[in-house]
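# Fold and contact review
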Amino acid sequence: MTSSTTTSITITSCAKTFADGTRALEPLDLSIQAGETLVLLGPSGCGKTTLLRIIAGLEAPDRGGRVLFGEEDVTHLPIERRNVGMVFQSYALFPNMTVWDNVAYGLKVRRMDKAAMKQRVEEMLAMMHIDALADRRIDQLSGGQRQRVALARAIAARPRVLLLDEPLTALDAGLRDRLRGEIDALLRSLGITAVYVTHDQAEAMVLGDRIVVMSAGRIAQIGTPRDIYHAPANAFVADFIGTTNRLRHKDATLVFRPEDADLVPPGEGMAQGIIQVVHFLGDRQRVHLHTDDGEAVIVEIGSRRRVAPGQRSGIAVRPEGMVHLSGNAEESAA
Amino acid sequence: MPSPYPRLFILLLPVMILFGAFFLIPMVQLALAGASGPQGLAAYASILTTPRHTQSMIATLLLAVSVTATALIVSTIAGLFLARHRFPGRSVLLALLTFPLAFPGVVVGFLIILLAGRQGVVGDVSRMLTGEKLVFAYSLAGLFVGYLYFSIPRVILTIMAAAEKLDGALLEAARSLGASTWQVTRDIILPALRPGLIASGAICFATAMGAFGTAFALATNIDVLPMTIYTEFTLNANVAGAASLSLVLGLVTWIALFIARSLSGATTAAAA
Amino acid sequence: MTRKPLFLLQLCFTLAVCLFLMVPVILSVMAGLTANFFVGLSSGLTLRWVEEVWRLYQDTIWRSLGIAMACLAVTTLIGIPAAYVLAMRGGRMARLIEETITLPIAIPGLAIALALILTWGGLREFRMSWLFILVGHVLFTLPFMVRSVLAVMLSINIRQLEEGAASLGASFSRRFLTVVVPNCRPGILAGALMVVTLSIGEFNLTWMLHTPLTKTLPVGLADSYASMRLEIASAYTLVFFVMIVPLLIAMQMAARDRRPRRRIAKDMTS
């Protein structure tokens, strides 16, 4: 039981309608390969958490939906019988137990023998660098320490699948970056199938083998981080991931990222405009312009160039930097 | 440093005068009266030395403990159920369960007579079923049922308040680790309810120790401590005995509440 | 799913508990309205017993209402300022005072009543008047008012509000009446409902403190239980229910308005 191997996940026509009639998820198919880290990304209310909870077994899909772990149909198995590991946004550590007892809980429930349990818990604590905290109470831990305990607890019983629900949202920026790197290393070394929910695109890019961008209960696009950034399927994806500019040029609309554009002397480039604001960010500068056609454009330039609001400037776009929307839902740009 | 609120003390004055004159001084008088009898200070030991008083104390303690235990078990089951499920009719059920909250003990006594007295419905039903008429209102069992009657609503409310504060993610986390419904209840829910259980258990115990109205309405010779005190005072005109016994009783209930408060870490406002 | 049977089991249990609590109430209401309880409903429904109660015990009802109102007035007038001081000061002294004010809940009413009689029973005029009962009720209900108001004051950080008002130049009495009191309204309301409900139902103290001329409703009830026929006792209980139910409903509504107030309701002591 404790040596379960990791598994693929297949979801077929899973929809979710809540008791009050809200449709959280439109019928949806998705397959996740064994060992893959799949990130569900989207704004709040897009259905990503509902989808995760259906995979976990905390919500049942509407009639007709099916969830398979490998070959096994787990649609009607409650979460406690699915052998998953789950990490919650609020950590959900048990306040009446020590760190050690929290990590051991899943093993106790599985009636693992004492010696093996001790060894496994110590291994987990060491892996997450929290061995010194074993006897602490939960309320004596910092946010980052709690997150490590939550991870150790979730993987201690060697689950088939690891599910993470916005695990870093409650932490401050610096700690978030560090833990993000650690989680990435952990997932790679475990080789476990992982589903990771977030609304933070940087997190999604770093961690995801593939990213599922969701919107209004539907999948907007599935792809590698690179695909999604450079070849967004539609306007929603293009706008949700990174910043996009739109510029009308000779009867066509050009779509491009700020870092693929440059400021050139007036009269050159594809468009002309006046610099409104310059934000100095240290490693680069973000320049906001109004074009003569009344469009707003953002261009990123090196941090040593000197530009000032009020200046006229041309805007050039590198040809390879054009974003081609694979769908045709461009009209929503306004 | 000059206080920006010089009048604060004056605002407290009315309460302090009232409590001084009508509570603190009388309690001291009560303590003195307890020692004023022929036995002197030894009156305070009468709870141990007078067999009638000892018996009364033991009976009251046993009654209070068993009522507390039963009320906690019954109310935890019902309270958890109501806190964790939403279904049609739930709010009506909840209103009915908390309705007896405001009944004085004497009314509860009367209700128990209607339930299990000489003309009680329990007697009618048992006669139909077994031919024997079951009447227990006027015994210790009647008192037990009566105390249970006014304890259950209060404990249910405490349990529900505690259960609604419980973080749902904790239960989901336990389940994700493989815990069954029973294991979740044992390992997560009950530990989270502990402070509420201790606090309401202590109130339950203290109320059952000091309640007088129910026993009075059942009008029996059940020798619970409040009845003994009442008898000593009114029938035997034994002022010293009544005073010493009621001080001992007051001390027991206060200690119970005090211990509960330090165990559950709750503020004064949560206990008593 | 596996939860279904467990759900039904718990539902049945809860319904059984509800039945246990409600059957005696229903019996009592029925007994108060039937011509002859021993014959049963077939003897017909009547308001005769209620009229009889009104004739015999009307004075206890008015007296209980009067004492409850007086009790409310006193606890409001002295309780709100006291809660205010406790909220502003904090610290050991405030804890000690709060503890002392709360003692009458922890100590059985019988003991307090005895102490009052021993100390003040000698003043015949006082002993014979309803004011003697009022004193007992105020001691017993004041903690509920103080704690209810105090809880609200602490939750809204009354100290900061007060300092805000002071920085705008408001005098003490103006601050108290225009900032402190209005902001504590939910606590005052909850406390007031508690005080009235508890005062109307108080028996443990009142039984010892009353005289034949100062019987309150619960004392009258005890009297009728001992000496009247079952129908009259039931009709009298029915009258009590009718008085107490609106208060309970108001209390539940006030609790729903402000969630933290809910814990007040469980504090009731019979």
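Structure's up top.
Residues numbered from 1 in each chain as written. Chains lettered and ligands numbered in written order. Predicted model: local features only at pLDDT ≥ 70, side-chain atom pairs only at ≥ 80, totals over all residues. Heavy atoms only, no water.

### Quick look at the interface of chain A and chain B
Reports of interface size often rely on the accessible area that becomes lost once the parts have come together. Taken together, the contacts link 20 residues of chain A with 15 residues of chain B. Here chain A packs against chain B, burying approximately 1600 Å² in sum over the two surfaces, 59% of which is carbon and sulfur. In this structure, Glu80 of chain A and Arg175 of chain B form a salt bridge, with 2.9 Å as the shortest nitrogen-oxygen distance. Taken together, the connections running from chain A to chain B amount to five residue pairs in polar contact (both at pLDDT 80 or more). Listed by contribution, the elements that provide at least two residues to the side of chain A that touches chain B are strand S6 (84-87) and helix H2 (99-109) of chain A. Of all the elements, H2 of chain A adds the most residues to the side of chain A that touches chain B, at three residues. Each residue belonging to the side of chain A that touches chain B can be placed in one class, and the counts come to 13 nonpolar, three polar and four charged. (Contact = heavy atoms within 4.5 Å. Buried area = accessible area lost by both parts, 1.4 Å probe. Salt bridge = Lys/Arg side-chain N within 4 Å of Asp/Glu carboxyl O. Polar contact = N/O pair within 3.5 Å; in protein donor to acceptor, adjacent residues only side chain to side chain. Helix = DSSP H or I, 4+ residues; strand = E, 2+ residues; numbered from the N terminus. Nonpolar A, V, L, I, M, F, W, Y, C, P; charged D, E, K, R; others polar.)

### Quick word on the packing of helix H9 (residues 181-210) of chain B against helix H12 (residues 239-264) of chain B
Residues and elements named next belong to chain B. The geometry of H9 relative to H12 is characterised by a closest axis approach of 9 Å and an angle of 175° between their N-to-C directions. One way to sum up the angle between H9 and H12 is to call them roughly antiparallel. In this structure, H9 uses Arg194, Pro195, Ile198, Ala202, Ile203, Phe205, Ala206, Met209 and Gly210 to contact H12, whose residues at the interface are Leu249, Val252, Thr253, Ala256, Leu257, Ala260, Leu263 and Ser264. Class assignment for the residues of the contact of H9 with H12 results in 13 nonpolar, three polar and one charged. (Axes fitted to C-alpha atoms, helices over the stretch in contact; angles between N-to-C directions. Parallel < 35°, antiparallel > 145°, perpendicular 65-115°, else oblique.)

### Some details on the interface of chain C and chain B
At the interface, 89 residues of chain C touch 84 residues of chain B. Summed over both sides, the interface between chain C and chain B buries roughly 8200 Å², with carbon and sulfur atoms accounting for 79% of that surface. Inspection of the chain C/chain B interface yields one salt bridge. Ionic pairing is found between Arg261 of chain B and Glu99 of chain C, a salt bridge with its closest N-O pair at 2.6 Å. Taken together, the connections running from chain C to chain B amount to six residue pairs in polar contact (both at pLDDT 80 or more). When residues of the side of chain C that touches chain B are assigned to their parent elements, the largest contribution, 18 residues, is made by helix H1 (residues 3-33) of chain C. By residue class, the composition of the side of chain C that touches chain B is 61 nonpolar, 14 polar and 14 charged.

### Topic: the pattern of salt bridges
All names here are of chain A. Applying the stated criterion to the full structure yields 34 salt bridges over all chains. Two residues, Glu59 and Lys16, come together in a salt bridge whose shortest N-O distance is 3.9 Å. Of this pair, Glu59 sits in the loop between helix H1 (48-56) and strand S4 (66-69) while Lys16 is found in strand S1 (residues 9-17), placing the two residues 43 residues apart along the sequence. Classification of Glu59 by relative accessible area gives buried; the value is 18%. Salt-bridge contacts for Arg53 lead to Glu59; the nearest nitrogen and oxygen are separated by 3.2 Å. For Arg53, a relative accessible area of 17% corresponds to the buried category. (Buried < 20%, exposed > 50% of the residue type's maximum accessible area, 1.4 Å probe, protein only.)

### Here's the deal with the sheet that holds S1 of chain A
All names here are of chain A. Pairing is antiparallel across the open sheet formed by four strands, whose spatial order is S2-S1-S4-S5. Of all strands in the sheet, those with a lone pairing partner are strand S2 (23-32) and strand S5 (72-73), marking the two edges. The pairing of S1 with S4 spans four bridges and is antiparallel. For Ile9, the partnering residue across the bridge sits in S4 and is Phe69. (Pairing = 2+ DSSP bridges.)

### As for the packing of helix H4 (residues 90-98) of chain B against helix H7 (residues 140-165) of chain B
Residues and elements named next belong to chain B. Their axes nearest at 8 Å, the elements H4 and H7 cross at an angle of 135°. With respect to H7, the element H4 is oriented oblique. Listed contacts from H7 to Arg90, Leu94, Leu97 and Thr98 of H4 are Pro153, Ile156, Leu157, Met160 and Glu164. Considering only residue class, the contact of H4 with H7 consists of six nonpolar, one polar and two charged.

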